[in-house]
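Take a look at the letters that make up each chain.
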Amino acid sequence: IRLFLLKQKETSNPTTIFNHFRNLKRFFNWLIQEGQLKQSPMASMKRPRVPKTLIKPFAVDQLRQLLSLCDETTFLGLRNKAIIFIFLDTAIRLSEMISMQIEDLDIEHGIIKIMGKGAKERVVAIQQRTQKMLLRYLLSRDDHHRCVWVNEERQPLTVWGIEQMIWKLGKRAGLENVRCSPHTFRHTSATMALDNGAKEFEVQAMLGHSTLTMTRRYVASLNSEKAAE
C-alpha cells in the first residue's frame, strides 16, 4: 500500500493521493466489519498531508466575459446562461445541478429543491433575473424529459456536458489564472455571499455542508484577500 501511494506521487496531486488513502482505509475497515479481517493493514499508517491552498474564485470581469459569450437568441445560449446564473445564485454542486428535475422548480417563488450528498434535501433561492432566464430556457424546449437540462439534440445533459460547456466558454473568453470549472462557480458564489455580509452558518446551509470545516476555507480565502487590500 505504501509503495502504491508512493508511485501515485509521480502522476497525481496530493488531494488524489489522499483520496486513494481514504478509500483504501474505508475498504479495509469494511472487511473488518464483515469478519474477513481481524486488523487493518493500514492501522499504523498516517494519512498523507494535503496542502491547504487558497480558493481562487472568478473575478467579476471574468464572469461578465463568460456571460457575454452566451447568445440569448439561441437555445444553447439561453441554457448556458441559465446554468451559470443558477450556479452563481445557489452555489450548488455539479451533481446537484445535473440531477435537477422539473418538479423541483418553483420559479414563481424563486425556490429550487435540491437533493444533496447523503440524500440530504435542502432548498436554494434564485433571484428574479435568474427566474426569467430559466423560464425563457424552459419555454424554448420542445421535448418531454423531466430533467431540467438537455443538450442541443434535446437529450438529457450529462455531467461531462456541463463541464465541457464551461471549459469551452473559458477558453473562448481567454480566461487565465483561474480554473474554469463548475466547482469554481461554487467557490465564487460562496465567496460573494460572504463578501456581501452572509454569515458562516448561512453559507454552510447554502452549500449543503454538514460541518463548518469546509465553509471556513472560503472564509479564510476571503479574509486573505481583504487583508491584502
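Everything below is about the structure printed above this text.
Remember, predicted model here, so these are calculated numbers, not experimental data.

Inspection of the entire model under this criterion finds eight salt bridges. A cluster of three or more residues bridged by salt bridges with shared partners is formed by Glu 72, Lys 81 and Arg 136.

A separate point is the environment of Asp 143. Inspection of the secondary structure assignment puts Asp 143 in the loop between α6 (128-139) and α7 (159-173). Overall, Asp 143 belongs to the buried group, its relative accessible area being 17%. Between the alpha carbons of Asp 143 and Arg 154 there is a distance of 6.4 Å; along the sequence they are 11 residues apart. Other than its neighbours up to four places away in sequence, Asp 143 contacts Val 150 and Arg 154.

By size, the foremost hydrophobic cluster in this structure holds 42 residues, and its most contacted members are Met 100 and Trp 149. The element contributing the most residues to this core is helix α4 (residues 75-90), with nine residues. Excluding residues that lie within four positions of it along the chain, Met 100 makes contacts with Ile 86, Ile 92, Leu 105, Ile 112, Ile 114, Cys 147, Val 148 and Trp 149. Core analysis: the next-biggest nonpolar cluster, separate from the first, contains nine residues, Ala 91, Ala 190, Leu 194 and Val 203 among them.

The rules we used
Residues numbered from 1 in each chain as written. Predicted model: local features only at pLDDT ≥ 70, side-chain atom pairs only at ≥ 80, totals over all residues. Heavy atoms only, no water. Salt bridge = Lys/Arg side-chain N within 4 Å of Asp/Glu carboxyl O. Helix = DSSP H or I, 4+ residues; strand = E, 2+ residues; numbered from the N terminus. Buried < 20%, exposed > 50% of the residue type's maximum accessible area, 1.4 Å probe, protein only. Contact = heavy atoms within 4.5 Å. Core = buried A, V, L, I, M, F, W, Y, C linked by side-chain atoms within 4.5 Å.

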